Amino acid sequence: MAQKEVKTIGVLTSGGDAPGMNAAIRAVVRTAIAKGLKVKGVMRGYAGLLQEEIVDMNSSSVSECINKGGTILYTARCTEFTTAEGQKKGAEICKKHGIDGMVVIGGDGSFKGAGKLSALGINTIGIPGTIDLDIACSEYTIGFDTAVNTAMNAIDKIRDTSTSHERCSIIEVMGRKAGYIALWCGIGNGAEEILLPERYDGDEQQIINRIIDARKRGKKHYIIINAEGIGHSTSMARRIEAATGIETRATILGHMQRGGSPTCKDRVYASIMGAKAVELLTEGASNRVIAYKNGQYIDIDIQEALMMKKDIDEEQYYISKILG
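Residues numbered from 1 in each chain as written. Predicted model: local features only at pLDDT ≥ 70, side-chain atom pairs only at ≥ 80, totals over all residues. Heavy atoms only, no water.

### Considerations on the packing of aromatic side chains
Centre-to-centre distance and the angle between the planes together describe a pair of aromatic rings. Using the criterion set out here, one finds 6 aromatic pairs in the structure. Ring geometry for Tyr292 against Tyr297: centres 5.0 Å apart, planes inclined by 65°, an arrangement best described as edge-to-face. Under the relative-accessibility criterion, Tyr292 is labelled buried at 15%. For Tyr297, a relative accessible area of 21% puts it in the partly exposed group. An aromatic cluster is built from Tyr140, Tyr269, Tyr292 and Tyr297, whose rings are joined through pairwise contacts. Over the aromatic face of Tyr74 sits the side chain of Arg44, whose NZ or CZ is 5.2 Å from the ring centroid. (Phe/Tyr/Trp six-rings, centres within 6.5 Å; stacked < 30°, edge-to-face > 60°. Buried < 20%, exposed > 50% of the residue type's maximum accessible area, 1.4 Å probe, protein only. Lys NZ or Arg CZ within 6 Å of the ring centre and 35° of its normal.)

Dropping the structure here:
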């Protein structure tokens, strides 16, 4: 429901950074200016909001940023904003600076904060920005495509040296408690094993047996993609090497997956989401999340979005098991 006419839009990025966030920021700024609105950038997420780190933005502010990874507004996590006092303070600061509409780019935690701002009178729209692809309401999140391609390219290189040394390699990819990066890399890199938090039963002996069987069949290397939500890749490698006698190495790709120039998909989808967020605000909407579903960009109530659950695509998982 409309709460007020929006004249000044704020934009912030919160939580983990993701390639493509700058494209979304750029789209918010330039779409708002094209509609005659003022734009203010909030530095360092909700933490910066509470510290009043707020800057005026214009078209030049977002020049030449679409190709850059990370976020030009910087980001941080903010425990204070999880409290009622912090949320009230944040809303008051928005009003003090004339911000009557806010675009929040981030994940579930960021959306919880956005919902609180909306309830306190600041028209707020969320945009899903996370490499983890773990926002249940959307089939796409800003940064996933870049992150999974970064990981895929790294794993291809590890496969080369793994084959040369006839090793078993465990490559740990990011994703927090979600296994989407691991699943996509497992399929895209042709891994023999994919360990997902949503499916792994902890039976390491079965993996060991399959490695031994593969070596007996003449296979020279063995690639295991391990999701961050399972972790412990180094100790797993030691146990597998001790049990199989096959040299086993663990590689944790880590935060390299968050960096780098965003792919075309991340730039385009993020740009469209940013523009649509501004359009919603100009229509008087609040407490909504932009989502991509069935080939369409839609918007969903924030509380409804937060209640949704997401699981690994069963068909993709089944195919990964056949191909592996």
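### Examining the packing of helix α1 (residues 21-34) against helix α9 (residues 264-282)
Running from N to C, α1 and α9 point in directions that differ by 35°, and their axes come no closer than 7 Å. The crossing of α1 and α9 is right-handed. Between α1 and α9, the contacting residues are Ala23, Ala24, Ala27, Val28, Thr31 and Ala32 on the first element and Arg267, Ala270, Ser271, Gly274, Ala275 and Val278 on the second. For the contact of α1 with α9, the class distribution of residues is 8 nonpolar, 3 polar and 1 charged. (Axes fitted to C-alpha atoms, helices over the stretch in contact; angles between N-to-C directions. Helix = DSSP H or I, 4+ residues; strand = E, 2+ residues; numbered from the N terminus. Left-handed = near helix turned anticlockwise from the far one by under 90°. Contact = heavy atoms within 4.5 Å. Nonpolar A, V, L, I, M, F, W, Y, C, P; charged D, E, K, R; others polar.)

### With respect to the sheet that holds strand β3 (residues 54-57)
Adjacent strands of a sheet pair through backbone hydrogen bonds, lying either parallel or antiparallel. Taking strand neighbours across the sheet as the criterion, the 7 strands line up as β3-β2-β1-β4-β5-β10-β11 in an open arrangement whose pairing is mixed. Only two strands of the sheet have a single partner each, and these edge strands are β3 and β11 (296-301). Strand-to-strand twist in this sheet, taken as the mean axis angle between neighbours without regard to direction, amounts to 25°. Of the strand pairs in this sheet, strand β10 (residues 288-293) and β11 are connected by 6 bridges, and their pairing is antiparallel. In the sheet register, Tyr292 faces β11, and the bridge partner there is Tyr297. (Pairing = 2+ DSSP bridges.)

### Here we look at helix α7 (residues 204-216)
An ideal rise of 1.5 Å per residue puts 18 Å on 13 residues; α7 measures up with 19 Å between its terminal C-alpha atoms. Taken residue by residue, α7 has Glu204, Ile207, Ile208, Ile211 and Ala214 as its buried positions. The arc that holds the buried residues of α7, viewed along the axis, is 125°, so those residues lie on one side. Looking at the buried side of α7, the elements it contacts are β6 (168-173), β7 (193-195), β8 (222-227) and α8 (233-244). The first or second residue beyond α7 is Gly218, which carries a positive phi of 100°. (Expected span 1.5 Å × (residues − 1). Arc of directions from axis to C-beta.)

### Some remarks on the pairing of strand β1 (residues 8-13)
Along β1, 6 of the 6 residues are buried, which leaves the element largely enclosed by surrounding structure. Side-chain alternation along β1 places Thr8, Gly10 and Leu12 on one buried face and Ile9, Val11 and Thr13 on a second face that is also buried. The pairing of β1 with strand β2 (residues 38-42) spans 4 bridges and is parallel. Residue Ile9 lies in a different strand from β2, and its bridge partner there is Val39. Once the chain exits β1 it traverses α1 before rejoining the sheet at β2, and the crossover so formed is right-handed. Pairing geometry for β1 and strand β4 (residues 101-106), over 5 bridges, is parallel. Counted as the bridge partner of Val11 is Val103 from β4. (Right-handed = clockwise from strand over helix to strand, strands pointing away.)

### Brief notes about the sheet that holds β8
With parallel pairing, 4 strands are arranged side by side in an open sheet as β7-β8-β6-β9. A single partner strand is all that each edge strand has here, and the edge strands are β7 and β9 (248-252). Averaged over all adjacent pairs, the angle separating strand axes in this sheet is 15°, with direction ignored. Both β6 and β8 contribute to a ladder of 6 bridges, which runs parallel. Across the sheet, the residue bridging to Glu172 is Asn226, located in β8. Its contacts with the sheet put α8 on β6, β7, β8 and β9, and the angle it makes with β9 is roughly 170°.

### Some remarks on the pattern of salt bridges
Oppositely charged side chains may form a pair once their charged atoms are brought near each other. Counted by the stated rule, this structure contains 16 salt bridges. Here Glu52 ties to Lys96 by a salt bridge, and the two come within 3.0 Å at their closest N and O atoms. You can see Glu52 sitting in the loop between α2 (45-50) and β3 and its partner Lys96 sitting in helix α3 (residues 84-96), a full 44 residues away along the chain. One salt-bridge network, held together by shared partners, links Arg167, Glu241, Glu247 and Arg249. (Salt bridge = Lys/Arg side-chain N within 4 Å of Asp/Glu carboxyl O.)

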